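# Results of the structural survey
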Amino acid sequence: MRRTLQAIPLLLLISVVLFLVAMKSSPAGPLTPYLTNPHITAADIARLRHNFGLDKPIWVQYYFWLNRTLHGDLGYSTSNAEAVTTAIMQRLPATLELMGASLLIAITAGISLGIFSAVRPYSTADYIITTLAFFGQSMPVFWFALMMQLLFSVHGIPLPFGYEIQLPSAGMSSGGGFNLGDRIDHLILPAFVLSLLQLALFSRFMRSSMLEVMKADYMRTAAAKGLPFHTILFRHGLKNAMIPVVTVIALSMPSLIGGAIVTETIFAWPGMGRLFINGLQQSDIPLLMGYLNLTAILVVFFNLVADVTYAWLDPRVKFD
Amino acid sequence: MSTGQSVQEVAAFSYDEDVAFTKVTLWKRFRRHRLAMAGLIVLGCIVLAAVFAPVLAPFLPNHIDNVHWQGTPLPPCFENAATCGGHPLGTDEVGRDELSRLLFGARASLQVGLFAVIIEIVIGSIVGAISGYYGGWIDYLMMRITDVFLSIPILPLLLVLTAIVVATSSRASLSFGVIVLVIGVLSWPNPARLVRASFLSLRNREFTEAARAVGNGDLRIIFRHLLPNAVAPIIVQATLDVANVIVLESTLSFLGMGIQPPTASWGNMLTGAQVNVENAWWAAVFPGIGILLTVLSINFIGDGLRDALDPGMH
C-alpha cells in the first residue's frame, strides 16, 4: 500500500518534467505544427495562444493540464484530427497484443533456456546458449527486423516437397473479418523480433540466479531427503531463483516499449508506437505528451507489480 | 524504487576490498576470458578501420558513382565482378560506395558512443558521489530525480527531444554534438545509482574517517579518496553503456532523428536500404553486421572486465 502511494508523487513529478519538456523546448508548445502552416498568420497564433491559455504562467498551465488529464482529457491530436485519448485507445489493443506476446515468448523461452544452461554449467550446450544470449543482447532491433523480413517474407525459407515458410511482415491481419490463424501468422515475426533482447537478457539472469540457488543449503537438504531432481529444481530451486529475475522482467519494460516503437514501424503494426512516430513527424505535442505519460505509468505500474511479486516469492521481504 | 537494466547487471558485482587490483593480475584474469579477448581484437580492428577510414576507403563516402550507377544499387564484386564497377561491397540506392560509407559510419558510431558515455559518466559520478557522500535529504531528492528519468522510456523521450530540435530549427541542426549531448545528459541516472551505492559503503570506512580526521575537505575526500575506490564498477558500466549508446544512436539515425544524411552512419544507411531490401540485400546486411560486431565486442569486453575486476563471481 505504501508503495502504491509512493508511485503517485513519482508520476506527478514525471508529468511535470514531461510538461516542461513539451512546453519549454518547443517554440510554441502545442501550437508548433501551426508555425509552418502558411494559412495561419502570426495574429492567429497569438489569438490561439491566448484562447488556449498559453500566455498564462507555466504553473497555471500545468494546473489546467493536470486537471484535464485527470479527467481523461489528453487534448486534441493535430496529426490525427481527433482527441488524443481516442487515438491512443484505438491503437492500445494492438500494442498490448504485440508486447504481451513477445513478453510471453521472452519469459517462457528465456527462463527455460536459463534453467537448461544452469543445470549443465560449462557444457557445450551452455556455451552455445550463453554466447547466443550475448548476440541477442547486442542485436539492434531494427536490423534484426529487417533481416527477418528478408529471410521469411521476401524470399521465404524453402522446405522439402515444394513447401515454403513464408510469413506476412506487414500489418496485423490480411483484413476481412477476424481469422485467428491469420492473426497469429501476422504476429509471429514482430513478436519474435521484439522478444529477442528480453529473451537473451532473461536467460542470462535466470542462468546465473539458478546457479547461485543450486549452491544453497536448502537445495542440498532437499537432495539429501531423496527428492527427485526435477522436484528439487522446480519446487525449491525455481521459486527462489525467480526472485531476482522478476525484477529484471519489470525493469525491461522501458526497453520493451522502445523496441515496440521500432518493431511497429518496420512491420507496419497499427499500434501506439507507430502512432507515436507519426505524431513525432508532425510535432503533435499533445499526442507525444499523452504517449510518454502513458508509457511512464506503464513502467511505474510494472515496478509495483514486481515489488508485489517479489514479496510473494520471498516472504522475508515485507512491505508495509 | 527502480534501477536500469544495466545497473542490474552490474549489481551482481560486489566490490572486494581484499583483492589488490594490480594491472598485471587484472590483465591476467581478463586474458582468461576468451570471448572478451576476441571482442578486444575485433573492436581493435574496427577502431583502426574507423581511424584510418580516409586512407582505407576506396571512394569518398558521399561520392556518387555517375559512371557505373544506373539507378539501381550496384552489387558487391564477389557477387558480380562484371557489374560492380569497382565497388568491393557494392553501392547503396543512390550509387555511393558501400564500403567507404561503412568505414565512415564506424567513425560516427564510435564517436557518439565514446563522447555520450563520457558525459553520462561525468554527470552520473558527480550526482552519485554527492548523493552517497552527503546522504539525507540531498540523497533523497537526487534519487527521486533518478526515479523520474528511469521511469520515462529513453527511446521515445530522445525522439521527442530530437524532433523538437528538428521542428524548431532544421534537420541539419540535428548535428553530431546535439545527439551526443542529448543521449549523454539523459543516461546519467544509471551510473549515478552505481556510484551512490559504492559511496554509501565507502563513506563510513576507516580510511574515510582518517582522511577526515587529518582535516581534508569534503571535495578532497570525495575525489581523492572515495572516487578512486569506486572506479571498478564505473568502468564496467561505462563499457556496457558504450554498447547501449551505439545501438541507441543507430536506432535514432534509422528513424531519421539521429545523424543526418548525407553523413554516413550505420543507422541511416539502413533507412535507405530498407526500401530496396528485395533487390539489394548487401545494403541492408553490411551496416547491421557492423553494428552487431561492434556492440557484441564491447559487451564481451564488458563481461570480461566484470569477471576480471570481481573474482568472487566465479
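Residues numbered from 1 in each chain as written. Chains lettered and ligands numbered in written order. Predicted model: local features only at pLDDT ≥ 70, side-chain atom pairs only at ≥ 80, totals over all residues. Heavy atoms only, no water.

With that settled, consider the overall build of chain A. From N to C terminus, chain A includes 13 helices and four strands. Once the C-alpha set of chain A is aligned to its principal axes, its extents read approximately 85 × 60 × 35 Å. In chain A, which comprises 320 residues, the proportion classed as buried is 49%. Computed over 20 positive and 16 negative side-chain charges, the separation of the two mean positions in chain A equals 9 Å. (Helix = DSSP H or I, 4+ residues; strand = E, 2+ residues; numbered from the N terminus. Buried < 20%, exposed > 50% of the residue type's maximum accessible area, 1.4 Å probe, protein only. Lys, Arg positive; Asp, Glu negative; His and termini not counted. Charge placed at Lys NZ, Arg CZ, Asp CG, Glu CD.)

Nonpolar side chains in soluble globular proteins tend to be buried together. If you look at the biggest cluster of nonpolar residues, it comprises 162 residues, and the most contacted ones within it are I14(A), F276(A), L280(A), L159(B), I183(B) and F199(B). Here this core takes 13 residues from helix α8 (residues 180-214) of chain A, the largest share from any one element. Not counting chain neighbours up to four residues away, the residues in contact with I14(A) comprise A296(A), V300(A), V148(B), S151(B) and I152(B). By size, the runner-up hydrophobic cluster in this structure holds five residues, among which are A49(B), A53(B), L103(B) and F104(B). (Core = buried A, V, L, I, M, F, W, Y, C linked by side-chain atoms within 4.5 Å. Contact = heavy atoms within 4.5 Å.)

For the rest of this paragraph, the subject is the pattern of salt bridges. Considering all chains together, one arrives at 14 salt bridges over all chains under this definition. Where R306(B) meets D303(B), a salt bridge forms, and the shortest distance between an N and an O atom there is 3.1 Å. With R306(B) and D303(B) both in helix α14 (residues 281-309) and three residues apart, the pair spans about one turn of that helix. For the pair R306(B) and D303(B), a shared accessibility class is recorded, and that class is buried. Among the charged side chains, a network of salt bridges with common partners joins R204(A), D303(B) and R306(B). (Salt bridge = Lys/Arg side-chain N within 4 Å of Asp/Glu carboxyl O.)

Each α-helix winds once per 3.6 residues, and so residues spaced three or four apart point in a common direction. All names here are of chain B. The end-to-end C-alpha separation of helix α9 (residues 189-202) is 20 Å, in line with the 20 Å expected for 14 residues at 1.5 Å each. Of all 14 residues making up α9, ten are buried, and the element is well covered by its neighbours. For α9, the set of buried residues is P189, N190, P191, A192, R193, L194, V195, S198, F199 and L202. (Expected span 1.5 Å × (residues − 1).)

Glancing now at a nonpolar patch on the surface. All names here are of chain B. On the surface, a cluster of nonpolar side chains totalling about 670 Å² of accessible area is made up of L114, F115, I118, V122, I126, L219 and F223. It is helix α5 (residues 98-134) that contributes the most residues to the nonpolar patch, five residues altogether. You can see I126 is positioned in helix α5. (Patch = residues over 30% accessible without salt bridge, like charges linked within 9 Å, V, L, I, M, F, W, Y side chains within 5 Å. Areas by Shrake-Rupley, 256 points an atom, 1.4 Å probe, with all protein chains shown as cover.)

This part is about the interface of chain B and chain A. One frequently used descriptor of interface size is the decrease in accessible area upon assembly of the parts. In this complex, chain B contributes 51 residues to the contact, which on the side of chain A involves 53 residues. At the junction of chain B with chain A, the criterion picks out one salt bridge. Close ionic contact of D303(B) with R204(A) constitutes a salt bridge, the shortest N to O distance being 3.5 Å. The interface formed by chain B and chain A includes three residue pairs in polar contact (both at pLDDT 80 or more). Residue contributions to the side of chain B that touches chain A peak at 13 residues, all from α14(B). In terms of residue class, the side of chain B that touches chain A is made up of 31 nonpolar, 14 polar and six charged. (Polar contact = N/O pair within 3.5 Å; in protein donor to acceptor, adjacent residues only side chain to side chain. Nonpolar A, V, L, I, M, F, W, Y, C, P; charged D, E, K, R; others polar.)

It is worth spelling out the packing of helix α12 (residues 231-254) of chain B against α14(B) at this point. Residue and element names in this part refer to chain B. In contact at an axis separation of 9 Å, α12 and α14 are set at 170 degrees when each is read in the N-to-C sense. What the angle tells us is that α12 and α14 run roughly antiparallel. Within the contact between the two elements, α12 uses A232, I235, V236, T239, L240, V242, A243, I246, V247 and S250 and α14 uses I291, T294, V295, I298, N299, I301, G302, L305, R306 and L309. Of the residues belonging to the contact of α12 with α14, the class tally is 14 nonpolar, five polar and one charged. (Axes fitted to C-alpha atoms, helices over the stretch in contact; angles between N-to-C directions. Parallel < 35°, antiparallel > 145°, perpendicular 65-115°, else oblique.)

Our next topic: the confidence of the model for chain A. Residues with a pLDDT of 70 or more make up 95% of chain A, whose mean pLDDT is 87. Looking across chain A, the model is least confident in strand β4 (residues 164-165) of chain A, with a mean pLDDT of 70, and most confident in helix α5 (residues 84-119) of chain A, with 94. (pLDDT = per-residue confidence, 0-100.)

The next subject is unusual backbone geometry. Looking along the chain, the bond that leaves P261(B) and enters P262(B) is cis, with omega of 10 degrees. Within the fold, P262(B) resides in the loop between α12 and α13 (266-275). Even without being a glycine, A81(A) presents a positive backbone phi close to 55 degrees. Looking at the secondary structure, you find A81(A) in the loop between β1 (76-77) and β2 (82-83). Relative accessible area serves as the criterion here: at 55%, A81(A) is assigned to the exposed category. Phi is positive for A268(A), which is not a glycine, with a value near 50 degrees. Mapped onto the fold, A268(A) is located in the loop between α11 (253-266) and α12 (272-281). On the basis of relative accessibility, which here comes to 27%, the residue A268(A) falls in the partly exposed class.

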